[in-house]
Amino acid sequence: MDKFVERQEVLKLLNAPTPEERLANLAIVLGEEKEKPEVKPQFANNHIHTIYSFSPYSPTAAVYCARDEGLETAGIMDHDSIAGAVEFRKAGKIAGIGTTCGMECRASLAGTRMEGRKLNNPDQAGIAYMAIHSVPDSGFGKLHETFAPLRERRNARNRKMVDNINRLVETSGIKLDFDADVVPLSQYENGGSITERHLLCALSEKIIAKAGKEGSADFVEKNLGIALSEKQKNQLSDPANPHFVYDLLGVLKADLVEKIYIPATDECISFKDLVKLADEVGAILCYPYLGDVTNSVTGDKKAAKFEDDFLEELFEMLKEEGVHGVTYMPARNTKEQMTRLQKLCREYHMTEISGEDVNSSRQSMICRQLEDPQFKHLVDATWKLIEREKGE
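Treat the numbers as computed from the prediction; the structure is a model and nothing was measured. (Residues numbered from 1 in each chain as written. Predicted model: local features only at pLDDT ≥ 70, side-chain atom pairs only at ≥ 80, totals over all residues. Heavy atoms only, no water.)

Colleague: What's the story with the overall build of the chain in this structure? I'm lost.
Modeller: Looking only at helices and strands, the chain has 13 helices and 7 strands in total. Scaling as 2.2 N^0.38, a compact globule of 392 residues should have a C-alpha radius of gyration of about 21 Å, and the chain matches this with 20 Å. C-alpha extents for the chain along the principal axes are approximately 55 × 55 × 40 Å. Sequence separation of 24 or more characterises 76% of the internal contacts of the chain that already satisfy a separation of 6 or more. Carbon and sulfur atoms make up 50% of the accessible area of the chain, which amounts to about 16,600 Å² in all. Taking the 50 positively charged and 63 negatively charged side chains of the chain as two groups, their mean positions are separated by 1 Å. (Helix = DSSP H or I, 4+ residues; strand = E, 2+ residues; numbered from the N terminus. Rg over C-alpha atoms; globule rule 2.2 N^0.38 Å. Contact = heavy atoms within 4.5 Å. Areas by Shrake-Rupley, 256 points an atom, 1.4 Å probe, with all protein chains shown as cover. Lys, Arg positive; Asp, Glu negative; His and termini not counted. Charge placed at Lys NZ, Arg CZ, Asp CG, Glu CD.)

Next comes the structure, spelled out in structure tokens:
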């Protein structure tokens, strides 16, 4: 059987409806394994999304895929949700790989020296993405309790963005219903979040149903006014493309979000409260460095300027506010950006954590840049996180 086809069959089992089924299936799949994957200790990934935010992978499937690609460790990182962490931890024990648990959220910069500035959030100034890394089991309950009402507030905004989508596509015969089309794509009822990706995935599925895979590229250009590159046209003109929905979603995220986006306000925790929360649960709060973007690796970000012009000032603010780490993705930045960032991390005594943002079936769990000696310490840092969480 073809390796890709075989993996898809396994993923059906590991994406079963309940955590109990998924974990039981993982034990069966690994028990029937004829040959173990080649181990690649030079790699690590601490930023894997699951179905509890947006991803093709349940927590169990994420662990399996990480191991299948040779990773000895895996890290969960869902938006506004820690709901997949218990399953993730159990799956790691079954698979024999180390796990580190975290979540990411948006925080308001009001009251900090970065108030009103555009940092690592392409959609909104004054709001920063932050990563809560290395959460011990004892901290899961507090994070869930804190973010549950914020997810509800986010859904009020999600509904308004669905209305904006419907205004954009009303002449094309497509209409989205938040409850019927979007919510079922999520794990909201089980503590997961609903993000812009869910909205655009629902739209992607409507486009495919309306135009067929063969006509989706044409629909996107003519009905949505999005100019596609040759690469995108090829991807969206191939009915056999196994990543079709994710490729279409990537196109929509890069070009439609600014047209439908409604600013986040009361769903965002204050920066100061987030620092306090991370300390309370025994986690390491990190600033996720984005850096000025030229050519987006994942295809869902336009070229734009972010923190590079005032990076030193940003580090001053992070230190002032009590942030203890910086997380970054070596594949997304230039050598010069990485060298400058690492220098500042060491000057300001920031923990350095790496993770490639995985939320599409097209992406690998492996970041090849970690083979570079410049980034070897990031793998060592991952093992320290794992030991830290065990100790807590």
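Colleague: Teacher, can you tell me more about the layout of surface pockets here?
Modeller: Any empty space left between the atoms is revealed when a probe the size of a water molecule rolls over them. Here the second largest pocket defines a volume of roughly 520 Å³. Lining the second largest pocket are 24 residues, and of these N15, S55, P56, Y57 and Y246 lie nearest its centre. Put simply, the parts of the chain that give the lining of the second largest pocket at least two residues each are α1 (3-14), α7 (196-224) and α9 (244-260). In terms of residues, the lining of the second largest pocket owes the most to one element, α7, which gives 4 residues. In terms of residue class, the lining of the second largest pocket is made up of 13 nonpolar, 9 polar and 2 charged. (1 Å grid on protein atoms, 1.4 Å probe; cavity = no way out; pocket = protein on both sides within 12 Å on 5 of 7 lines; lining within 4 Å. Points joined across faces, edges and corners; volume = space filled by probe spheres on them. Nonpolar A, V, L, I, M, F, W, Y, C, P; charged D, E, K, R; others polar.)

Colleague: Looking at this model, I keep getting lost on the environment of L344. Mind explaining?
Modeller: Its location among the elements puts L344 in helix α12 (residues 335-347). With relative accessibility at 5%, the residue L344 sits in the buried group. Taking the C-alpha atoms as reference points, L344 and A83, 261 residues apart in sequence, are found 33 Å from one another. (Buried < 20%, exposed > 50% of the residue type's maximum accessible area, 1.4 Å probe, protein only.)

Colleague: What should I look at first to understand the nonpolar core in this one?
Modeller: Note on soluble globular proteins: their nonpolar side chains tend to be buried together. Residues I132, L143, F147, F271, L274, F315 and L341 are the most contacted members of the largest nonpolar core, which totals 75 residues. In this structure L341 touches Y289, L311, F315, V326 and Y328, once residues within four positions along its chain are discounted. Core analysis: the second largest hydrophobic core is formed by 37 residues, V183, A202, I226 and L248 among them. (Core = buried A, V, L, I, M, F, W, Y, C linked by side-chain atoms within 4.5 Å.)

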